[in-house]
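Letter by letter, the chains look like this.
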Amino acid sequence: MRAGKYSFKELFVNRYVDQLIVPEIQRDYVWQKEQLLGFLSSLAHEFQEFQGAEIPEIPVDTQSDSGALLQKDFEDFFRKRNFSANIGFIYAYSDEQYQGRYFLIDGQQRITSLYLLLLTLASRCGQEKAFRKHYCREGRPMLDYRVRDATSYFLGEVVEIVLHSPEMKVEDQAWYLDSYSEDTSIRTMLDNLKSISAWLEESELSERQFFDYIENQTEFWYFDTNISAQGENLYIYLNARGEQVQSNENLKAELLSKVGTDSEKNAWGKKWEHWQDIFWRKRTTGLRQPNSNADKGFNGFLSCIASLKQYLSGDQHYSSADKSSSAQPLTSLLSNILKLDEIEKYITALEYLDDNKEQFQVLYPYSGWLERCLDELWSIWNRDATDWFIDYNKPDVYSTQTNQMVFTWGILHWVDLALEREMDVDQFYRGLRPFFLRYHNNVRAASQVKESVQNLLHDGFATKEETSEEYQRERWLRSIADVEDRRDSESVLWELEDHRWNLDGSDVGAINITHLLAFDSDLSLKKLKAVRDAFWKCFPSTSSDRELQSLLLHYGEYWQRKSPYYYENYRFDDWKTIIRGSPHRGIPQNDVFHRCLYDVIESGADISTLLAEKRGHFSPDINAADLQSQLLWYNHFLKESMWQQGNFIAIGDGSGKDEPDEIFPDKQAFRNTKGDFKGGNPEKLSEMLPPEVKKNLGR
């Protein structure tokens, strides 16, 4: 069979085709209800436009037989030309050893769904004979599933049941085996036959005319790879590239059907293939378990940009029936929102982001955040777990989704407008930074994205709130006249902000840097570097933080009381809170870490040296009454073994019967734990003391 455009009926009545086979190497029929209903809704929409089309009159005498016939032919041509439903591309291969048999390698989900739709329509509108004539051979379906023998047998039997007695329950038939319920394709066919019947009951379509439309006006481009081995190799390649028919393929078919000429359809079809290739190359980005194909990423991206368009236009719809009475299937929703040139616009933005990042990175001593930012952007789409059509005005209800909207919408909208204004590379990529930080700070104000982007474009500030870090940082950087000095300063700021304890500030007031320094006239590049170097001394990547825990005891009460609260349970490594001096449970904290950090800066010493110095000046007092002095007493003798079970100290065990501490009897026993008493090996600090210390104490 030659490559070209065919209607569904033309595929099956073609004299070269005896059977259309889903081969063993193909996957199962897996379209779920959402995908099926989206496909059906799209077809119904095209059918209604076909029926309601306004046909231009041609200058002929319609009273004459020849004129009436000419007008009728023109009407048929006009409707077919402008209102057919195009469902995309179908690939198959033929084999000389199996004359008349064509093996599908791409398009099985659409072809199978259409076959089941026509089957159901035929049984409902008296077209059983036509269906048997055009879509069966010698009593067997012309569509055959060879994925498994059971699937092939089932399809043959179920076609006869639906045509002969559609009310009969398939699962009650004598030939239906219990194992069929475990067959993915069989289970999906049964579910979708029920879904099709229910959908037709509610659709109020003229089913007889809809049957004709599906047969004759549903079109696709068919390609025959001709040689069996090449066909199988192409299937493997397509499968690897992620081109199985998913919602993006359905959307492709719907959008291409709205394009005017065949040459335009082909041009956009090629562009779509290029877009899928981009998502194929990026299918593993940001994921621990990589996607096997491009579908999830592309689907996630398309939903993202559709929801962004809705947000920018202020016209919000929903994709789930439990969220709005105006809900509609996702593919139908996307096709009503998106246009091909809009998708192209955002694809161009993604390509620019990837292609020009190195030009930006060479300008800065540190710019590692950019790769992370782009990876996280792709990971959101590749996971395809975001409900993009929730009510973004409810950030407390939909916190994860609205946070991801702030990030993805902010970046895409910024990049789109920045490209439109031909912004230089430096300013272009710097504009991503506020949305990167907001994402990590769990900012959920998706409704403010448009305003933030406009602020960036017009003023260079993502926010006009003068007390915010974003504003203070940018204002200070603007005060640096020399471009190279500004870039060096910003690099150090980025490096500090990106440290694991500074970046994710969502639980501590979205503070990423101002807990370490103030953006005032005293701040300089030299001071910035000193803060950075001292911070890295506090948290070296190659060792634990237990020396710092011990050192901070000399500066004040920095620990945090944690659950359970029926005994005193203190955590000493809640670093996001500790380094910011943040209030905890309503109790203001002091600037313990800040004072320690600036001692490191002034002394130039590392943590070990400064700790040894502090211990050398400390005089342990057995009569100490305050908790800080008591903890210091134990730490003086136990040193870092004080934390060997974990970074918690419990006072008492909550039983109400715990004995007094051996060293400080005004308190119950001090114990080092992993966080609670469930597991681990909690140890009393008094029992961990060296023998000579106990001897000197007379214990």
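Scroll up a little and you will see the structure.
So, here's what we can say about the structure. (Residues numbered from 1 in each chain as written. Predicted model: local features only at pLDDT ≥ 70, side-chain atom pairs only at ≥ 80, totals over all residues. Heavy atoms only, no water.)

Observations regarding the side chain of Asp573
In this fold, Asp573 is placed in the loop between β10 (568-571) and α26 (575-580). You can call Asp573 buried: its relative accessible area is 17%. Looking at Asp573, its side chain comes within polar contact range of the side chain of Arg571, at 2.8 Å. For Asp573, the side chain forms a polar contact with the side chain of Asn647, separated by 2.9 Å. When sequence neighbours within four positions are dropped, the list of residues in contact with Asp573 reads Gln549, Ile578 and Asn647. (Helix = DSSP H or I, 4+ residues; strand = E, 2+ residues; numbered from the N terminus. Buried < 20%, exposed > 50% of the residue type's maximum accessible area, 1.4 Å probe, protein only. Polar contact = N/O pair within 3.5 Å; in protein donor to acceptor, adjacent residues only side chain to side chain. Contact = heavy atoms within 4.5 Å.)

Let's talk about helix α13 (residues 330-337)
Most of α13 is tucked away: seven of the eight residues are buried. Taken together, the buried positions of α13 are occupied by Leu330, Thr331, Ser332, Leu333, Leu334, Ser335 and Ile337.

Some words on the nonpolar core
Core analysis: the biggest nonpolar cluster contains 79 residues, and Phe301, Leu302, Trp381, Trp409 and Trp414 have the highest contact counts within it. Per element, the largest residue contribution to this core is ten residues, and it comes from helix α17 (residues 399-420). Once residues within four sequence positions are removed from consideration, Trp381 is found in contact with Lys296, Gly297, Gly300, Phe301, Cys304, Leu350, Trp388, Thr408 and Leu412. Of all hydrophobic cores here, the second largest spans 68 residues; its members include Phe12, Leu36, Leu43 and Phe220. (Core = buried A, V, L, I, M, F, W, Y, C linked by side-chain atoms within 4.5 Å.)

A short note on the packing of helix α4 (residues 108-124) against helix α5 (residues 128-135)
The axes of two packed helices give the description: the angle between them and the distance between them. At a closest axis distance of 8 Å, the pairing of α4 and α5 adopts a crossing angle of 145°. Every residue of α5 that contacts α4 at Tyr115, Leu118, Leu119, Ala122 and Ser123 is listed here: Glu128, Phe131 and Tyr135. Taken together, the residues of the contact of α4 with α5 sort by class into six nonpolar, one polar and one charged. (Axes fitted to C-alpha atoms, helices over the stretch in contact; angles between N-to-C directions. Nonpolar A, V, L, I, M, F, W, Y, C, P; charged D, E, K, R; others polar.)

Thoughts on the packing of aromatic side chains
Summed over the entire model, instances satisfying the criterion amount to 59 aromatic pairs. One aromatic cluster is present, built from ring pairs that chain together Trp268, Trp272, Trp275, Phe279, Phe298, Phe301, Trp378 and Trp381. Taking the ring centre of Trp280 as reference, the NZ or CZ of Arg283 above it sits at 3.4 Å. Above the face of the Tyr311 ring, Lys450 is positioned so that its terminal group lies 5.8 Å from the ring centre. (Phe/Tyr/Trp six-rings, centres within 6.5 Å; stacked < 30°, edge-to-face > 60°. Lys NZ or Arg CZ within 6 Å of the ring centre and 35° of its normal.)

Examining the environment of Ser41
Of note, Ser41 is situated in helix α2 (residues 33-51). Distance from Ser41 to Leu333, taken between C-alpha atoms, is 9.9 Å for residues 292 residues apart in sequence. At 2.8 Å, the side chain of Ser41 and the backbone oxygen of Leu37 are in polar contact.

Considerations on the sheet that holds β10
In space, the five strands of this open sheet follow the order β9-β10-β11-β12-β13, with antiparallel pairing throughout. Only two strands of the sheet have a single partner each, and these edge strands are β9 (560-561) and β13 (683-684). Examined bridge by bridge, β9 and β10 share two bridges and lie antiparallel to one another. In the sheet register, Arg561 faces β10, and the bridge partner there is Tyr570. Against the sheet, helix α29 (residues 627-638) touches β10, β11 (648-651) and β12 (670-673), its axis set at about 65° to β12. (Pairing = 2+ DSSP bridges.)

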